[in-house]
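# Survey of secondary and tertiary structure
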Amino acid sequence: MSDSWKPTDDAQVLEAVAWASAEEVPLEIVGQGSKRSFGRPLQCERDLDLSGLSGITLYEPGELVLSAKAGTALSEIRAALEDARQELAFEPPDLAPFFGRPAGAGTLGGTIAANLSGPRRINAGAARDHFLGFQAVSGRGERFKSGGRVMKNVTGYDLPKLLAGSFGTLAVMTDVTVKVLPAPEKQRTVLLFGLDDAAAVAALSAALGSPHEVSGAAHLPAAVAAGSSVDFVAGAGTAVTAIRLEGHGPSVEARCAALREALAAGGPAAAAQEELHSQRSRTLWREIAELAPFVVRPELAVWRISVAPSEGPKVAATLADLPEMLHYFDWGGGLLWLGTAAGGTAEEVRVRGAVATVGGHATLLRAPARVRLAVPVFQPLDAARAALSRRVKEGFDPRRILNPGRMVPEL
Amino acid sequence: MRMPEPDGAVIARKRAIVETLRTLVPGPGGVIFDEDELRAYETDGLTAYRQIPMIVVLPSSTAEVSAVLRYCHDEGIKIVPRGAGTGLSGGALPLADGITLGLSKLNRILEVDYPNRCVVTQPGVTNLGITRAVEAEGFYYAPDPSSQIACSIGGNIAENSGGVHCLKYGLTTNNVLGVEFVLMDGTVVRFGGKHLDAEGYDLLGVVTGSEGLLGIVTEVTVRILRKPATARALLLGFPSSEQAGDCVAEIIAAGIIPGGMEMMDKPAIHATEAFVHAGYPLDVEALLIVELDGPEAEVEHLIERVDAIARQQGATYHRASAGEAEREAFWSGRKNAFPAVGRISPDYLCMDGTIPRNRLPEVLARMREMSERYGLRVANVFHAGDGNLHPLILYDANKPDELARTEAFGAEILKLCVEVGGVLTGEHGVGVEKRDLMGAMFDETDLKQQQRLKCAFDPDQLLNPGKVFPQLHRCAELGRLHVHHGKLPFPDLPRF
Ligand SMILES: Cc1cc2nc3c(=O)[nH]c(=O)nc-3n(C[C@H](O)[C@H](O)[C@H](O)COP(=O)(O)OP(=O)(O)OC[C@H]3O[C@@H](n4cnc5c(N)ncnc54)[C@H](O)[C@@H]3O)c2cc1C
């Protein structure tokens, strides 16, 4: 068991990282540890636990901006935003149960470092698109900042984009500022029944290409739909395709009616429809975002595959014979969640091979530690990008003391 | 403007360099070295600064761009990338010993993919060209800088450009899916594609807004959106800019994010009205254009709510657009604000700071004070929703020291933006214009960390040197680590 430090202010973070840098002691950077088993397993001498670095430092709803210490619990942020009827529009999913931890765990800094976003990614953007600025300590043991607290800012390189999704391998964020948005007043979900993957993604594509501002577009094959806690979905007895509309009341009603009409005109396959309102709709999208189908199948290894939406069904079809394969689509077909018996290299070769033929990437989001050590968790990069990434790491953390090897062995 | 000392040895080799470039870029008009022809490239949209480049090269393919860069890398020759040259911060300002590499011949749209809602294009295509290619099918490309008929999509990526609709639809960075990118040593890399999110570090996010310092964009994939079913604009006049600012805050507090929300002050209103006759009221201190877009039911509903909010906030003029023609007329004034101001003054300098919106009244008041002190007029247009200010300082370059006074005035405005919690530039970039002000926002450590990123892409610093960073450090120096061994920190730090 490694030794753990729990700093309570920025000066202590600086001191810890500067010491680790001087002594070349690797640190594992931890928020609440909700996603600790995401990535290559780490062997660090020490943990740097940031959960003591907590609290909202600025929240101006009228300016659509919120700043907080990086270790602030996401639940605290959510509660503050709800009071002002606002939210993080990228819909950060609560993946703690998926990773076998209590629901609700997770920090704002960890959410950004993993760049995780929910179904609304397709039109609202990812965590990185809402990340405005930060203060951090680099692996060099130096405090620096980038970005700001205003939404429009092109002063210098966009380092927030670099840190989002860098899994703590470049710098330890101490303060983060995000853009927040009004929460939609109302939501409805149109369901289509009985479509196969290809027909479903075609229907989702038509919906996303319509003027109805779709904010969720998922397809659940029959095996996944059956496990939903939403009666209309579980009881369908067949595949369910879901299209979400959100916004101001009269707008959602009008768009919902118009979308249903357009889909019905799309042919007999799309004729079977249902409509979910408020609570049911919310529950369904939470299940989709939080990987509910895999929470109840903890023995499966789970891949997150991002491809052009029209390629999603092809990739799924190529991989249909993987042992115990279970899958569903989000992001209009572009995000394929795929579970398979937790094998190892053989499955990895198949998954990455299928992605390679269409372009995109596959991440092994969940698997036993031995598998995550044996196969690349993140999509391997070509030589040019791998070299560039190494040089970027070199500039921020030359002694490789921050989460070394969490993404790939050399970073 | 202080620029890196030109390298006489490189300039002396001009002939030989031209000969080599002609073999690398053999097409007609691919290499320009005649003084008269070079003059067309001496400046960009920031016309106060001019420099004739040593050579201009206009490649026709990624392979040619790569060959030119590899050659220049090996020979230690500096490169300045250039799109359409509309940039307002001098990012494409040439170097006397450098090659300006223009992307204007890479001007084809390569693919329109409706099922995946994206367009793949070469970088020299104009911003509006993308929308034109897809509008027949009811789609458009959302970021819409006022220069959209002229500026290139490659330049948009380099500057992370915005537009009047970016409060709701985002800046360039939120609408780009992928790029093909050529590094200074000629390596061709791809970041992103038609899929979402990065594998590994988000280098797409990093090169967007990198002002031509990290590499050359040779291909772009952008997402396209379906045009909203309807759009209507409200024109709202207020007796004071405070009231207009409060109105903006109330609209957002009501949970409404308009498609566009622009403000103009009295000098800007008068200049634009005289130029385009948009029908703006002349007896108000501040004018807001609020555009609502979406399905008809939504637009009707929100127009009413916004109008009610405006009345509560003391609007003395309101008018909702009745049809497309009127909506476009409302916008025509705002979109032509720069040229309109150009008509009432021999020259103008366009500033581009962002502030927390609630500081607007204070910033405007202090700007009025500065305007008097410097003896220079200023007109303000303002992306009100996101706090991005465009003060236009009116001056006459033929009058001795007016440019210098204008620059000092501009610098003071930008420092004020930083002081109230904002930033030096919201969408036009740092370039040479704001380079020496970077220290107002960042300390040495911040700037050095940014430059280390530059070193990962261009360790010899041959790409667009003299831009963005006030002081150039060698990469070897930046990489050095100053290690202070000490005892284990804070024995009193909670540990378990
Ligand atoms: C009247 C007017 C209105 C404007 N309105 C707006 C506005 O509303 N919003 C806004 O954001 N901007 C606006 N601008 C500024 C300008 O149009 C944008 O910055 C635009 O993106 C520049 O594009 P360009 O092709 O002209 O680039 P250039 O001016 O040629 O170059 C700009 C920078 O990008 C680099 N560059 C260009 N192409 C490439 C490439 N392919 N690869 C790598 N680097 C490259 C150059 O080196 C330079 O640093 C306006 C300008 C004018 C003149």
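Per chain, residue numbering runs from 1 following the sequence as it is written. Chains and ligands are labelled by the order in which they are written, letters from A for the one and numbers from 1 for the other. Per-residue local features of the predicted model are confined to residues with pLDDT of at least 70, and side-chain atom pairs are confined, for both listing and counting, to 80 or more; whole-chain, interface and lining totals are unaffected and use all residues. Based on all heavy atoms of the structure, the side-chain values leave hydrogens and waters out of the count.

Pairing between two strands requires that DSSP report at least two bridges joining them. Numbering of helices and strands runs from the N terminus, with a helix taken as a DSSP run of H or I at least four residues long and a strand as a DSSP run of E at least two residues long. The five strands lie next to each other as β4-β5-β9-β7-β8 (chain A), forming an open sheet whose pairing is antiparallel. In this open sheet, the two strands that pair with only one neighbour each are β4 (56–60) and β8 (143–147) of chain A. Mean inter-strand twist for the sheet, computed between neighbouring axes without regard to direction, equals 15 degrees. Pairing between β4(A) and strand β5 (residues 65–69) of chain A: four bridges, direction antiparallel. If you follow Y59(A) over to β5(A), its bridge partner there is L66(A). In this description, contact between two residues means that some pair of their heavy atoms is separated by no more than 4.5 Å. Axis geometry follows a simple rule: fit a line to the C-alpha atoms, using only the stretch in contact for helices, then measure angles between N-to-C directions, giving values from 0 to 180 degrees. Most of the contacts of helix α17 (residues 444–457) of chain B go to β8(A), to which it runs at about 70 degrees, and overall it touches β7 (131–138) and β8 of chain A.

Turning our eyes to something else, we now look at the domain arrangement of chain A. All names here are of chain A. We note that the domain assignment places domain 1 (1–183 + 381–411), domain 2 (186–289) and domain 3 (292–374) within chain A. Spacing between the C-alpha centres of domain 1 and domain 3 amounts to 25 Å. Of the residues lining the interface, 14 residues belong to domain 1; the matching set on domain 3 comes to eleven residues. Two parts placed together each lose some accessible area under a 1.4 Å probe, and the buried area is that loss summed for both. Contact between domain 1 and domain 3 buries roughly 1,200 Å² in total, counting both sides, with carbon and sulfur atoms accounting for 67%. Per-residue buried area on domain 1 facing domain 3 is highest for F38, P41 and F98; these three make up 44% of the total on that side. Here, a salt bridge means any side-chain nitrogen of Lys or Arg that lies within 4 Å of a carboxyl oxygen of Asp or Glu. For the pair domain 1 and domain 3, the interface holds zero salt bridges. The term polar contact refers here to a pair of N or O atoms within 3.5 Å; inside protein, the definition further demands a hydrogen-donor-capable atom paired with an acceptor-capable atom, and it admits residues adjacent in sequence only when both atoms are side-chain atoms. Taken together, the connections running from domain 1 to domain 3 amount to four residue pairs in polar contact (both at pLDDT 80 or more). Each domain's extent was defined by an automatic or database domain assignment.

Our next topic: the packing of helix α15 (residues 383–396) of chain A against α17(B). The geometry of α15(A) relative to α17(B) is characterised by a closest axis approach of 8 Å and an angle of 155 degrees between their N-to-C directions. If you check the angle between α15(A) and α17(B), you find them roughly antiparallel. The interaxial crossing formed by α15(A) with α17(B) has right-handed handedness. Taking contact as the criterion, the partners of L388(A), R391(A), V392(A), G395(A) and F396(A) in α15(A) are, on α17(B), Q449(B), R452(B), L453(B), A456(B) and F457(B). Throughout this entry, Asp, Glu, Lys and Arg are counted as charged residues, while Ala, Val, Leu, Ile, Met, Phe, Trp, Tyr, Cys and Pro are counted as nonpolar. The remaining residues, Gly among them, count as polar. Looking at side-chain class alone, the contact of α15(A) with α17(B) contains six nonpolar, two polar and two charged residues. For classification purposes, an angle smaller than 35 degrees is called roughly parallel, one larger than 145 roughly antiparallel, one from 65 to 115 roughly perpendicular, and anything else oblique. By convention, the crossing between two helices is left-handed when the near helix turns anticlockwise from the far helix through less than a right angle, and right-handed when the turn is clockwise.

Residue and element names in this part refer to chain B. For the pair helix α14 (residues 360–374) and helix α15 (residues 402–419), the least separation of the axes is 11 Å and the interaxial angle reads 160 degrees. As judged from the angle between their axes, α14 and α15 are roughly antiparallel. Between α14 and α15 lies a crossing of right-handed hand. Across the interface between the two elements, V363, R366, M367, M370, S371, R373 and Y374 of α14 pack against R405, A408, F409, E412, I413, L416 and E419 of α15. Split into classes, the residues belonging to the contact of α14 with α15 amount to eight nonpolar, one polar and five charged.

Contacts between the two partners involve 93 residues from chain A, matched on the other side by 102 residues from chain B. Summed over both partners, the interface of chain A with chain B buries about 8,000 Å², with 58% contributed by carbon and sulfur atoms. Of all residues in chain A, the largest losses of buried area upon contact with chain B belong to K152(A), V154(A) and Y157(A), amounting jointly to 12% of the total for that side. Linking E427(B) and K152(A) is a salt bridge whose minimum nitrogen-to-oxygen distance equals 2.8 Å. Our enumeration of links across chain A and chain B arrives at 32 residue pairs in polar contact (both at pLDDT 80 or more). The dominant element in the side of chain A that touches chain B, judged by the number of residues it contributes, is α15(A), at nine residues. Residues of the side of chain A that touches chain B, tallied by class, amount to 36 nonpolar, 29 polar and 28 charged.

With that out of the way, let us pick up the site of the ligand. Residues and elements named next belong to chain B. Note on definitions. A residue lies near a molecule or strand when any single heavy atom of the residue is within 4 Å of it. Close to the ligand lie 33 residues; P81, G83, T86, S147 and S152 are nearest. Residue G91 places a main-chain N or O atom 3.1 Å away from an oxygen atom belonging to the ligand. At 2.7 Å, a side-chain N or O of S161 approaches an oxygen atom of the ligand. Among the secondary structure elements, those contributing two or more residues to the shell around the ligand are β3 (78–82), α6 (153–159) and β10 (216–223). Residues of the shell around the ligand, tallied by class, amount to twelve nonpolar, 17 polar and four charged.

Let us now look at the domain arrangement of chain B. On domain assignment, one finds that chain B holds domain 1 (8–102), domain 2 (109–226), domain 3 (230–339), domain 4 (345–438) and domain 5 (447–466 + 473–479). On a C-alpha basis, the centres of domain 4 of chain B and domain 5 of chain B stand 29 Å from each other.

Right, let's get into the UniProt feature "domain: FAD-binding PCMH-type" (unreviewed entry) in chain B. UniProt positions are given in the numbering used here, feature names are shortened, and annotations may be inferred rather than shown by experiment. UniProt feature "domain: FAD-binding PCMH-type" (unreviewed entry): in the numbering of this structure it lies at residues 49–227 of chain B. Secondary structure content for residues 49–227 of chain B is 21% helix and 26% strand, while the C-alpha to C-alpha distance between its ends is 39 Å.

Residues and elements named next belong to chain B. Across the nine residues of strand β14 (residues 286–294), nine count as buried, placing the element largely inside the fold. The pairing of strand β13 (residues 260–265) with β14 spans six bridges and is antiparallel. Looking across to β14, one finds that M261 is bridged to V290. A simple rule labels every residue: compare its accessible area, found with a 1.4 Å probe on the protein chains alone, to the largest value its type can have, and call it buried under 20%, exposed over 50%, or partly exposed in between.

Residues and elements named next belong to chain B. Strand order in this open sheet of four strands is β1-β2-β4-β3, and the pairing throughout is mixed. Only two strands of the sheet have a single neighbouring strand rather than two, namely β1 (31–32) and β3. Summarising the sheet, β3 and strand β4 (residues 98–102) pair through five bridges and their orientation is parallel. For P81, the partnering residue across the bridge sits in β4 and is L101.

Right, let's talk about empty space enclosed by the protein for a bit. Residue and element names in this part refer to chain A. Within this scheme a cavity is a closed region of a 1 Å grid, computed over the protein atoms alone, that accommodates a 1.4 Å probe without allowing it to escape, whereas a pocket is open but has protein on both sides within 12 Å along at least five of seven lines; lining residues each have an atom within 4 Å of a point. Grid points are joined across faces, edges and corners, and a volume is the space filled by probe spheres set on the points. Applying the stated criterion across every chain yields a total of ten cavities of 30 Å³ or more. Of the volumes computed, that of the largest cavity is approximately 390 Å³. In this structure, the largest cavity is lined by 27 residues; those nearest its centre are I29, G31, G109, G110 and A113. At the level of elements, β2 (27–30), α3 (108–114) and β9 (171–179) are the ones that each hand at least two residues to the lining of the largest cavity. The element that contributes the greatest number of residues to the lining of the largest cavity is α3, accounting for four residues. Grouping the amino acids of the lining of the largest cavity by side-chain chemistry returns eleven nonpolar, twelve polar and four charged.

With that settled, consider the side chain of Q187(A). Residue and element names in this part refer to chain A. Mapped onto the fold, Q187 is located in strand β11 (residues 186–193). Here the side chain of Q187 touches S281 through a polar contact of 2.5 Å, side chain to side chain. Every residue in contact with Q187, bar those within four places of it in the chain, is listed here: R244, L245, E246, V252, L276, H277, S278, S281, R282 and W285.

In this section: the nonpolar core. A general trend in soluble globular proteins is that nonpolar side chains are found buried together. By convention a nonpolar core is built from buried Ala, Val, Leu, Ile, Met, Phe, Trp, Tyr and Cys residues, the set being connected through side-chain atoms within 4.5 Å. Ranked by internal contacts, the top residues of the largest apolar core, which has 201 residues, are I305(A) and F457(B). Here this core gets seven residues from one element, more than from any other, and that element is α15(B). If we ignore the near neighbours within four places in the chain, the residues touching F457(B) are L388(A), V392(A), F181(B), L183(B), F191(B), L203(B), V206(B), V207(B) and L214(B). If you look at the next biggest cluster of nonpolar residues, it comprises 25 residues, including V25(B), V57(B), I99(B) and V182(B).

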